[in-house]
Structures are given as C-alpha cells and as structure tokens.
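# Architecture and fold: a report
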Amino acid sequence: MKIAMLTNNYRPFVGGVPISVERQAHELIRLGHEVTVFAPEYGDTAEEDAGAPERIVRYHIQKKRMDNGMVYPGVIPLEILREFRKERYDCIHVHHPMFVGPCALYLGKKYGIPVIYTYHTRYEEYLHYILCFRVGEKTPVLWRRTVGWIRRKVIPAYMRWFADRCDMVLAPSAGMRQVIKDYGTSTRVEVFPTGLDEAFFRKDEGRAAELRSKFGNGKRYLLATVSRLEKEKNYEFLLRGIAELCRKRGNDFQVLIIGGGSRMEELKMLAEDLGISDLVTFLGNVPNQEVKDFLNASDLFLFASRSETQGIVLAEAMAAGDPVVAVHAVGSDDIVEDGVNGFLTEEDESAWADRVTEALDEKRLEKMGAAAALSAGNYRSSRLARYEEMLYNQCICRKREERRMQEHVLNTDRKEEALYEEEENRGEHSAVVIR
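This one's a predicted model, so the numbers in the text were calculated from it and none came from an experiment.

### A look at helix H11 (residues 312-319)
A large share of H11 lies buried, amounting to 8 of its 8 residues. Within H11, burial applies to Ile312, Val313, Leu314, Ala315, Glu316, Ala317, Met318 and Ala319. Positioned one or two residues after H11, Gly321 has a phi angle of 85°, which is positive.

So, in structure tokens, the structure goes:
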C-alpha cells in the first residue's frame, strides 16, 4: 500500500502525536508498505528527514506559534495538493481534524480513497493555547460563558461532523472510543493504541545504573514522570502530592521530571515554595530514544494528567517494569489496573501520597512491576501494525466496492437514458410515417 499520513505536528516537535505517527510509519514500512508523512516545517530539517525510513513532505506554516511550540499550518497547504497530483495513494491517515483535517477530506473525495482519522486529542481541553479563548478572573462573564459554550457544544459538534465524513475513526483507548461515540458519530470507531517498539523492552542495566547514580541523589527510591510542562498535565497537583508524600514518609526518594514546556520556571518556583526543590529534578527535554533508560533506572512512575487520550508514557513506563500511580482520567483508566500494575486515585493529594507509599512497599513493588511489564506486552508496535494494516485494507476494499456500485448505478442510468432516447426517436419516426 501507498499510505499518506497527514499531521499538524511532527518531529522535531516533542509530543504524543508526533511519536505515534512516527512509530506507526516505521512499523508499516517494516511490513513492506510505502509511507509518506506530510508534516509542517520547523526550520532546516532536510538532513534529518533524508535519513528517515519514511518519506517526509514538509508544508508551509504561519509565522505565529502556540505557547507550547506547536505551529499553525498554512490555510491552504499547496505542497500537499501538489504531491497528490503527482502521486497516487491508496489511503489517507489524518491525525488532526483541523488544518490538515479538511484537506484530507477534500483529497479523499477528489481521488476516491478512504480517509482514516485517529482521535488523539480532546480539543476542548486545549482551548487555552489559543489566546482569544483563554479565560481568567478578569475575563468578562459573557465571554467566559461563550468559551464554555464553545467547549461544550461547538467542539463536539465539529468533531461529530468531521468523524462522519471519514471512513473510519481510530481511538487510542476504549475511553476515547466512548467519548467520540458520545458525540454522536455514525462512523465505525475502532480502538487502536500507540505501540511501543522493541527498544522499550530491552534494558541496558549499565546505563540504568549510571543514571540512577547520577540523578538518584543517594536516595532509596527513584521516581519519574514524563510529559510536557503545560497546564493540562496537572503538574501543580503532582508537586503538591510530592510535598504531601514527603510529609508522610520522609525524603527517602528523588523525583525526575522529564520534559520541557512553557511552565518550567513557574513549576520550579512552586517546588521551591513547597520546600521540595531538593527532591525534584527538572531534566527538560530528553531524546525519545533515551527516555527508556531513565524509566529503567526508576522504581515507580507518577502521573497526574487529566487530559490524556491514552498516555503513551504509561505503556513506556510499564515496559520498563515501573508500576504507575495516576489520577483517574480517560486513557489512564484504560491501561492502569488499580492494585495490579499500579494505582488510580482521585485528585486528592493525601490519597495520592498514600497510594505512592503503598506502591513503594518492596514486595508489592516487585509484584506490580512484573504485572506492569506483562501489560506493556499488549502494546508492541509490531503486533499493532498488523492490525492497522488489516483496518486499512478493509477501508480500501469498502471504498472500491462503493466506487463500483456508484459506477454501476451511473452506467445503468446512462443505459436507461439511452433506451429512453431511442424509444423517443422511434416514436417521432413513427409519427412522421403515419402523417
């Protein structure tokens, strides 16, 4: 198959969607398919793109960027349109409903090929990245209500409209499948999580020991968390929970916060105000291929995000044998089995700290770590790629059958029109003879 993947963000931008797109592309290529990723420009990436197994076509972007580094694609991505005029694709896999989303629908209709959409993000949780939709204490009441209406009504309506025009929707978790179904879409929705490549299941003991020695600060336990430092990741709660954990059990642990973002300095100040700055190490962005080494060096994974659709990092942590303590949320609830491979808690610092303490019991930690590693096996990219291949083929076959039916109906109509015209002509000829 020749597969076109359209995305609003891709490497070098660090985030869940770029990671998901990249892993899917690489696994499909290993199965013998041709994958072209249509991604935005991020300056000079020609050398990096040239060495990638997937073909990457960059399209132009607007000058303005979001606070988290995401870009705004151009309104009309001419580079994508030109490429489709030159190349013939079997299917389109689009990863966003806005910007490249309508472009994917247009191309799918124009060339008669299926459009598959992955519902990665609950967009109502990310409105604050658009300046005009930010609300605060000084925001006028009328505008605050308007933003609330957009979040509750407009976005779900748009998501339903977009999904209904796709041939299939993929949801990264069962919880997200239910969310998109609750919007009222009539399109077929299948669960398809982001997979883990085999590197996540291989542990470099030497590197893990090195990192533990360097960042463990001589403490008994090393805990870790990975995500962008942004509002929706709920880091204020996490830091307050760490402070509560310290109050309850002492300071026999060190926490690694892996990831960058616009709130780095603000969160460092909060850690200092809470008196835990010596217990928390902000590492900033770490290359994707190195994240697993930090997870292998850790004993337990902490997570507080309420906006995850799957939580790729939860599966990555479990592949390293780290149990997870997370706040109840769509995505987290789908992978964490409470009391088996981790704990799920309400958004309460005291309850969260109690579960972390419980997870750090030596016998329980070992047992839950083994269960976590077993759970991660369900997310191997190689296994999921076969499933994705099957779903693509189903969409392609269905689209071809639809085209055959349309052509059959069209040909039938043409034949009927020809017969009707022939009968009319015969009638006119007979009338002339009679006269």
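Anyway, onward from the coordinates.
### Re the state of the cysteines
Going through the model one piece at a time under the given rule, you end up with 0 disulfides. Here Cys91 is not cross-linked by a disulfide; its sulfur's nearest cysteine counterpart is in Cys395, at 7.8 Å. Taking relative accessible area as the criterion, Cys91 reaches 0% and is therefore assigned buried. The thiol of Cys397 is unpaired, and the distance to the nearest cysteine sulfur, on Cys395, comes to 9.5 Å. By relative accessible area, which is 47% here, Cys397 ends up partly exposed.

### Some words on the packing of helix H4 (residues 100-111) against helix H5 (residues 141-164)
H5 packs onto H4 with a crossing angle of 25° between their chain directions and a minimal axis gap of 11 Å. In terms of their interaxial angle, H4 and H5 are classed as roughly parallel. Viewed along their axes, H4 and H5 form a crossing whose handedness is left-handed. The residues of H5 that touch H4, namely those facing Gly101, Pro102 and Leu105, are Tyr158, Trp161 and Phe162. Of the residues that constitute the contact of H4 with H5, the class distribution is 5 nonpolar, 1 polar and no charged.

### Concerning the pattern of salt bridges
Summed over all chains, the structure comprises 32 salt bridges. One salt bridge in this structure joins Lys2 and Glu87, with 2.5 Å as the shortest N-O distance. Of this pair, Lys2 sits in strand S1 (residues 2-6) while Glu87 sits in the loop between helix H3 (78-86) and strand S6 (91-94), placing them 85 residues apart in sequence. Overall, the relative accessible area of 22% leaves Lys2 in the partly exposed class. The class of Glu87 is partly exposed, set by a relative accessible area of 31%.

### A closer look at the pairing of strand S8 (residues 168-171)
Side chains Met168 and Leu170 project from S8 onto one buried face, and the interleaved Val169 and Ala171 project onto a second face that is buried too. Two strands pair when backbone bridges link them, and strand S7 (residues 115-118) and S8 are joined in this way by 3 bridges, in the parallel orientation. Within S8, the position partnered with Ile116 by the bridge is Met168. Relative to strand S9 (residues 189-191), S8 is paired through 3 bridges, and the arrangement is parallel. The residue of S9 that forms the bridge with Ala171 is Val191. As for the winding sense of the linkage, the β-α-β connection from S8 through helix H6 (residues 174-182) to S9 is right-handed.

### As for a negative patch on the surface
A contiguous patch of negative charge, built from Asp333, Asp334, Glu346 and Asp348, is present on the exposed surface. Summarising the element assignment, Asp348 is placed in the loop between strand S15 (342-345) and helix H13 (349-359).

### Some points on the packing of aromatic side chains
The full count for this structure, using the stated rule, is 14 aromatic pairs. Centroid distance Phe38 to Tyr89: 6.1 Å. Interplanar angle 75°. Geometry classified as edge-to-face. Of this pair, Phe38 sits in strand S2 (residues 34-40) while Tyr89 is found in the loop between H3 and S6, placing the two residues 51 residues apart along the sequence. The buried category is assigned to Phe38, whose relative accessible area is 0%. Assessed through its relative accessible area of 3%, Tyr89 is described here as buried. Taking 6.3 Å as the distance between ring centres and 65° as the angle between the ring planes, the aromatic pair formed by Tyr119 and Tyr183 counts as edge-to-face. Taken together, the residues span a long stretch of sequence, with Tyr119 in the loop between S7 and H5 and Tyr183 in the loop between H6 and S9 at a distance of 64 residues. Residues Tyr119 and Tyr183 agree in their burial class; the two are buried. In textbook terms, an aromatic cluster arises when at least three aromatic residues are bridged by ring pairs, as seen for Tyr117, Tyr119, Tyr158, Trp161, Phe162 and Tyr183.

### Some thoughts on the sheet that holds strand S11 (residues 253-258)
Taken together, 6 strands build an open sheet; the order of strands is S12-S11-S10-S13-S14-S15 and the sheet is parallel. A strand with exactly one partner marks an edge of an open sheet, and here the two such strands are strand S12 (280-284) and S15. Within this sheet the neighbouring strands show an average axis-to-axis angle of 20°, counted without direction. In this sheet, S12 lies alongside S11 in parallel orientation, the contact comprising 4 bridges. Residue Leu256 lies in a different strand from S12, and its bridge partner there is Thr281. Contacts from helix H7 (residues 205-215) reach strand S10 (221-226), S11 and S12 within the one sheet, and its direction differs from that of S10 by about 100°.

### Concerning the nonpolar core
Formed by 38 residues in total, the largest nonpolar core has its most connected members in Leu6, Phe38, Ile80, Phe84, Ile92, Tyr117 and Tyr119. What Ile80 contacts, discounting residues up to four positions off in sequence, is Leu6, Phe38, Tyr59, Val100, Cys103 and Leu107.

### Section: empty space enclosed by the protein
Taken as a whole, this structure holds 4 cavities of 30 Å³ or more when the rule is applied. Taken as a whole, the largest cavity encloses approximately 60 Å³ of empty space. If you trace the largest cavity, you find it lined by Arg23, Gln24, Glu27, Phe192, Pro193, Thr194, Gly195, Ser381, Leu384, Ala385 and Glu388. When contributions to the lining of the largest cavity are tallied by element, the ones reaching two or more residues are helix H1 (16-30) and helix H15 (381-434). Per-element tally for the lining of the largest cavity: the top contributor is H15, with 4 residues. Across the lining of the largest cavity, the residue classes break down as 4 nonpolar, 4 polar and 3 charged.

How each quantity is defined
- Within any chain, residue numbers begin from 1 and follow the written order of that chain's sequence.
- Selection of residues for local features in this predicted model requires a pLDDT of at least 70, selection of side-chain atom pairs for listing and counting requires 80 or more, and totals for whole chains, interfaces and linings are taken over all residues.
- With hydrogens and water set aside, each side-chain value is computed from the structure's full complement of heavy atoms.
- Whether a residue is buried, partly exposed or exposed follows from its accessible area with a 1.4 Å probe, protein chains only, as a fraction of its type maximum: under 20%, in between, or over 50%, in that order.
- Under the scheme used here, helices are H or I runs from DSSP no shorter than 4 residues and strands are E runs no shorter than 2 residues, and both carry numbers assigned from the N terminus.
- Defined by distance alone, a disulfide is two cysteine sulfur atoms within 2.5 Å.
- The angle between two axes is taken between their N-to-C directions and runs from 0 to 180 degrees, where each axis is a line fitted to C-alpha atoms and a helix contributes only its stretch in contact.
- Throughout this description, any angle smaller than 35 degrees is read as roughly parallel, any larger than 145 degrees as roughly antiparallel, any in the 65 to 115 degree range as roughly perpendicular, and the remainder as oblique.
- Each crossing is labelled by how the near helix is turned from the far one, with a counterclockwise turn of less than a right angle marking it left-handed and a clockwise turn marking it right-handed.
- For this analysis, residues touch if any pair of their heavy atoms sits within 4.5 Å.
- For this scheme, ten residues count as nonpolar: Ala, Val, Leu, Ile, Met, Phe, Trp, Tyr, Cys and Pro. Four count as charged, namely Asp, Glu, Lys and Arg, and the remainder, Gly too, count as polar.
- One speaks of a salt bridge when a side-chain nitrogen belonging to Lys or Arg is within 4 Å of a carboxyl oxygen belonging to Asp or Glu.
- Pairing between strands requires that DSSP locate at least two bridges from one strand to the other.
- Whether a crossover is right-handed comes down to one check: with the strands pointing away from the viewer, does the path from the first strand over the helix to the second run clockwise; if it does, it is right-handed.
- Patches were defined on residues exceeding 30% relative accessible area and lacking a salt bridge, with like-charge contacts within 9 Å and nonpolar side-chain contacts (Val, Leu, Ile, Met, Phe, Trp, Tyr) within 5 Å.
- Every accessible area reported is derived by Shrake-Rupley at a probe size of 1.4 Å, with residue values counting cover from the shown protein chains alone.
- Positive residues here are Lys and Arg, negative ones are Asp and Glu, while His and the chain termini are left out of the count.
- Charge coordinates come from a single atom per side chain, which is NZ of Lys, CZ of Arg, CG of Asp or CD of Glu.
- Centres within 6.5 Å make a pair out of two Phe, Tyr or Trp rings, where for Trp the six-membered ring is used; the pair is then stacked when the planes are under 30 degrees apart, edge-to-face when over 60, and tilted otherwise.
- We call a set of buried Ala, Val, Leu, Ile, Met, Phe, Trp, Tyr and Cys residues a nonpolar core when their side-chain atoms join them within 4.5 Å.
- A pocket here means an open set of points on a 1 Å grid, computed over the protein atoms alone, that has protein on both sides within 12 Å along at least five of seven lines. A cavity is instead a set of points where a 1.4 Å probe fits but cannot get out; residues with an atom within 4 Å of a point line either one.
- Grid points are joined across faces, edges and corners, and a volume is the space filled by probe spheres set on the points.

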